[in-house]
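Fold and contact review
Residues per chain, in single letters:
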Amino acid sequence: MKKFIGFMLCAMMILTAAFAMADVATLSSVKDKGELVIASSPDFPPFESLQGDGSVTGIEIDIMETVAEKLGVKLTIEQVNFDSILLGVMNGSYDMGVSGFSVTEERKKNVLFTDPYCLAAQAIVVVEGSNIASKADLDGKMISVQSGTTAELFCLQNGYTIDTYTANVDAELAVLNGTVDAWVIDDLTAAEMVASNNAGNGKKLVILSEAMTTEPYAFAFAKGSDDLVGAINYIVNEMVTDGTIAALFEKYNAPYTSPAAAN
Ligand code: ARG
């Protein structure tokens, strides 16, 4: 009997743990534990990038520091591959996804988003001197993209042949070393990564002027996190309206396009 009770207790504990894991974040769960756990893929300057000392910095990290401060909790950053973030958010491993997420109808089926805080676009990057000068020249060419991104989606929907990479920097390397003909990547990140590549001695990269899409960026949450989304949305909207976000773009030398420009 003792053994049986022990077994039942064990089983109950495992079940509780399983359910606890499946709990999605709420405003009170975040406040109770005193921390906001964000999942981020820090390979996306100027929004989130990994520094030499292991810390993560960028526009979105600065935004989240203010958000956490206003919620009265500490900020914890989990470094996660971009293509695993939304699943982890949905199963409650992280409170939210902070990774330059473009809002799409497809993603909205699975997660909740704050209102957008900026607008971005997809850009085409090629090696200097390449015979690709515009989108029209991409037909039949091989394109590198980061796995799980809207760049990947865009290329697939438009019938392009793609080579998919988990890390952004590997998608960049693929175009540099000629494994692919072009790299499709969000415009502001393209600008920053191309500038730091071109500061070196190797092959130079060029960003084509033709933007492929318009994409609003926002922060992602599990369905069921409504009150947390509401609280963070309020703070982020305030930061958009009072110019704090525009100032953050300036701090990171990036041009800012307000989400209102989409209307
Ligand atoms: N904006 C694109 C998307 O939502 C790319 C984001 C990539 N982010 C990153 N941290 N690597 O799919």
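So, here's what we can say about the structure. (Residues numbered from 1 in each chain as written. Predicted model: local features only at pLDDT ≥ 70, side-chain atom pairs only at ≥ 80, totals over all residues. Heavy atoms only, no water.)

This next bit is on the site of the ligand. Taken together, 15 residues surround the ligand, and among them Ser99, Gly100, Arg107, Thr150 and Asp186 come closest. Serine 41 is positioned with one of its backbone polar atoms (N or O) 2.9 Å from a nitrogen atom of the ligand. One of the backbone nitrogen or oxygen atoms of glycine 100 is found 2.8 Å away from a nitrogen atom of the ligand. Relative to its unbound accessible surface of 350 Å², the ligand loses 100% to contact with the protein. Across the shell around the ligand, the residue classes break down as 4 nonpolar, 7 polar and 4 charged. (Near = heavy atom within 4 Å. Polar contact = N/O pair within 3.5 Å; in protein donor to acceptor, adjacent residues only side chain to side chain. Areas by Shrake-Rupley, 256 points an atom, 1.4 Å probe, with all protein chains shown as cover. Nonpolar A, V, L, I, M, F, W, Y, C, P; charged D, E, K, R; others polar.)

Once that is clear, we can look at the packing of helix α9 (residues 226-241) against helix α10 (residues 244-251). Contact geometry for α9 and α10: axes closest at 4 Å, N-to-C directions at 70°. Judged on the interaxial angle alone, α10 and α9 are roughly perpendicular. The segment α9 lies against α10, with Val236, Met239 and Val240 engaging Thr244, Ile245 and Leu248. (Axes fitted to C-alpha atoms, helices over the stretch in contact; angles between N-to-C directions. Helix = DSSP H or I, 4+ residues; strand = E, 2+ residues; numbered from the N terminus. Parallel < 35°, antiparallel > 145°, perpendicular 65-115°, else oblique. Contact = heavy atoms within 4.5 Å.)

We now examine the pattern of salt bridges. Under the counting rule described, the total for this entry stands at 6 salt bridges. Lysine 251 serves as the salt-bridge partner of aspartate 62, at 2.6 Å between the closest nitrogen and oxygen. Remark: lysine 251 occurs in helix α10 and aspartate 62 occurs in helix α3 (residues 59-71); sequence separation between them is 189 residues. (Salt bridge = Lys/Arg side-chain N within 4 Å of Asp/Glu carboxyl O.)

With that out of the way, let us pick up unusual backbone geometry. What you tend to see is this: most non-glycine residues have negative phi, and most peptide bonds are trans. Residue proline 46 follows proline 45 across a cis peptide bond; omega there is 0°. Note that proline 46 resides in the loop between β2 (43-44) and β3 (48-50). Phi is positive for asparagine 253, close to 55°, though the residue is something other than glycine. Residue asparagine 253 is classed as exposed on the basis of its relative accessible area of 72%. (Buried < 20%, exposed > 50% of the residue type's maximum accessible area, 1.4 Å probe, protein only.)

Ranked by internal contacts, the top residues of the largest apolar core, which has 51 residues, are Ile63 and Tyr117. Ignoring sequence-local partners within four residues, the contact set of tyrosine 117 consists of Phe47, Glu60, Ile63, Tyr217, Ala218, Phe219, Val236, Val240, Ile245, Phe249, Tyr256 and Pro259. Among the nonpolar cores identified, the runner-up in size contains 15 residues, and Ile124, Ile132, Tyr160 and Ala182 belong to it. (Core = buried A, V, L, I, M, F, W, Y, C linked by side-chain atoms within 4.5 Å.)

Glancing now at the sheet that holds strand β13 (residues 205-207). What the 5 strands build is an open sheet, ordered β11-β10-β12-β9-β13; its pairing is mixed. Because the sheet does not close on itself, it has two edges, and the strands there are β11 (161-165) and β13. If you compare each strand with its neighbour and ignore which way they point, the axes differ by 30° on average. Of the strand pairs in this sheet, strand β9 (residues 122-127) and strand β12 (residues 182-186) are connected by 4 bridges, and their pairing is antiparallel. Directly across from isoleucine 124, in β12, lies its bridge partner valine 184. The strands that helix α6 (residues 150-157) touches are β9, β10 (142-146), β11 and β12; relative to β10, the one it contacts most, it runs at about 145°. Sheet strands touched by helix α7 (residues 168-176): β9, β10, β11, β12 and β13. Its angle to β12, the strand with the most contacts, is close to 150°. (Pairing = 2+ DSSP bridges.)

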